Amino acid sequence: MIQPVIDYINKQGGAITYSEYMNLVLYHPELGYYSKREKKIGKDGDFYTSSNVSDVFAKVFANLFARLVKIGAVEPFFCELGGGTGRFLSAMLREWEEISPETFKVLKVYSVEKSGYHRELQSASVKLNCHTSISSIDDLPKPYSGILFSNELFDAFPVEVIEKNKNQLFEVCISFNQENELVEKRVPLKNDKIKDYLNWQVIELCEGQRFEIPLAMLEYLEKINALAHQAVIVTIDYGYTNKEWQHPARYEGSMRGYLRHRMLTPLVNPFEMDLTAHIHFDALEKRAVEFGWNMLKSERQDLFLANAGILSYLKGNGDLNPFGEAAKQNRAIRSLIMPDGMSSSFQVYIHEKGTNLLEKDIY
């Protein structure tokens, strides 16, 4: 699968940026990793997500969202950005209908998903007249009033990659050698958007440090802000603060490939594996402030789930069957709230724009 990348590199003059490479191998409409009709999430896929661990994750958010609509804090519109297979959306809506049928009756649901294959899976999973699956955020009704939710969306966005060497900044690009192997090529940094980002975030790289620049994330946040009128914006992802990025352990950057739950370097197995990079928390928070969004919550996912009531879903396990539904759900809850579990790597952000919602209304 390397040849399509080489052909593209040749068309672009012999080298492409990391963001171009990620766009190609992840999002190409036919060849791209996310476009392929193959299982990507779970034991038989390449990686796990919180919503794949158990439907209880979605149930917690269903209670939050249904309550916000019920008290009139937001309009009965819900949109998931980058919903993947639709498992979260399906489980969340089933719980919403059960706990608040009166608000569910008036609910309008959208899911934004670039992958045609995943949109098919969503439609097969949700099967509701109130649900509309679309390929782009640009297709949402404007102005949008309601809930905008994303879980592990931005970590899959293309990033630019830079590196500091001998006190000079270079952009790390992708080319190929005489053996037709993909290789990195460093060129002096000329991209003004990258320079502006470093100035905006007041970031000074250390000698030898490699760093990813989330320009695509910032562009998408601009789109969210442009369409959001009266909205609650929930963002869940893993990442680092600027201070954390400066730790020597992170001087090589965060971009990784995942194939069958094995971590690989980004240039092997193009089109066949997931690529991901930790997001920049400080950039997200600062841009939200510049937009005028009010932050209601910024909390580690395990703490958020505990505070939001996940423990109420613990079930009595009288039959002592370790493989029964009750035992499985209880194990899932423990895995989602244990301090050393997967949730400890994730941050939950809840912002509001144009509503009267207050921090005390979240729990």
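About the thresholds
Residues numbered from 1 in each chain as written. Predicted model: local features only at pLDDT ≥ 70, side-chain atom pairs only at ≥ 80, totals over all residues. Heavy atoms only, no water. Helix = DSSP H or I, 4+ residues; strand = E, 2+ residues; numbered from the N terminus. Rg over C-alpha atoms; globule rule 2.2 N^0.38 Å. Buried < 20%, exposed > 50% of the residue type's maximum accessible area, 1.4 Å probe, protein only. Contact = heavy atoms within 4.5 Å. Areas by Shrake-Rupley, 256 points an atom, 1.4 Å probe, with all protein chains shown as cover. Lys, Arg positive; Asp, Glu negative; His and termini not counted. Charge placed at Lys NZ, Arg CZ, Asp CG, Glu CD. Expected span 1.5 Å × (residues − 1). Axes fitted to C-alpha atoms, helices over the stretch in contact; angles between N-to-C directions. Parallel < 35°, antiparallel > 145°, perpendicular 65-115°, else oblique. Nonpolar A, V, L, I, M, F, W, Y, C, P; charged D, E, K, R; others polar. Salt bridge = Lys/Arg side-chain N within 4 Å of Asp/Glu carboxyl O. Polar contact = N/O pair within 3.5 Å; in protein donor to acceptor, adjacent residues only side chain to side chain. Pairing = 2+ DSSP bridges.

Caption draft 1: Main features of the overall build of the protein chain. Per the secondary structure count, the protein chain includes 13 helices and 16 strands. The C-alpha atoms of the protein chain give 21 Å as radius of gyration, which agrees with the globular expectation for 363 residues (21 Å, within 12%). Structurally, the protein chain occupies a C-alpha span of about 60 × 45 × 40 Å along its principal axes. Burial statistics for the protein chain: of 363 residues in total, 54% are counted as buried. In the protein chain, once contacts between residues fewer than 6 apart in sequence are set aside, the share between residues at least 24 apart is 74%. Per element, the accessible surface of the protein chain, about 16600 Å² overall, is 50% carbon and sulfur. Distance between charge centroids for the protein chain: 3 Å, based on 41 positive and 48 negative side chains.

Caption draft 2: Summary view of helix α9 (residues 215–227). The end-to-end C-alpha distance of α9, which contains 13 residues, comes to 19 Å, matching closely the 18 Å that a straight helix rising 1.5 Å per residue would cover. Along α9, the positions that sit buried rather than exposed are Leu 215, Met 217, Leu 218, Tyr 220, Leu 221, Ile 224, Asn 225 and Leu 227.

Caption draft 3: Just the packing of helix α4 (residues 56–70) against helix α13 (residues 325–337), in detail. For the pair α4 and α13, the least separation of the axes is 10 Å and the interaxial angle reads 75°. Considered as vectors, α4 and α13 are oriented roughly perpendicular to each other. Of the residues in α13, those touching α4 at Val 56, Phe 57 and Lys 59 are Gln 329, Ile 333 and Leu 336. Of the residues assigned to the contact of α4 with α13, the class counts are four nonpolar, one polar and one charged.

Caption draft 4: Main features of the side chain of Glu 113. Note on placement: Glu 113 falls in the loop between β3 (108–112) and α7 (116–126). Buried charge Glu 113 goes without a salt bridge, the closest partner of opposite sign being Arg 119 at 6.3 Å. A polar contact of 2.9 Å, which involves the side chain of Glu 113, links it to the backbone nitrogen of Gly 84. In contact with Glu 113, other than residues within four places in its own chain, are Gly 82, Gly 83, Gly 84, His 118, Arg 119, Gln 122, Ile 134 and Ser 135.

Caption draft 5: Structural context of the sheet that holds strand β12 (residues 262–264). Strand order in the open sheet made by the three strands is β12-β11-β13, with antiparallel pairing throughout. The open sheet has two free edges, formed respectively by β12 and β13 (274–276), since each of these has just one partner strand. Mean inter-strand twist for the sheet, computed between neighbouring axes without regard to direction, equals 35°.

Caption draft 6: Representation of unusual backbone geometry in the model. With an omega of -10°, the peptide bond running from Lys 142 to Pro 143 counts as cis. Secondary-structure assignment places Pro 143 in the loop between β4 (131–134) and β5 (144–151). Residues other than glycine seldom take positive phi values, yet Phe 271 does so here, at roughly 75°. Under the relative-accessibility criterion, Phe 271 is labelled buried at 1%.

Purely geometric stuff here, so don't read any function into it on its own.
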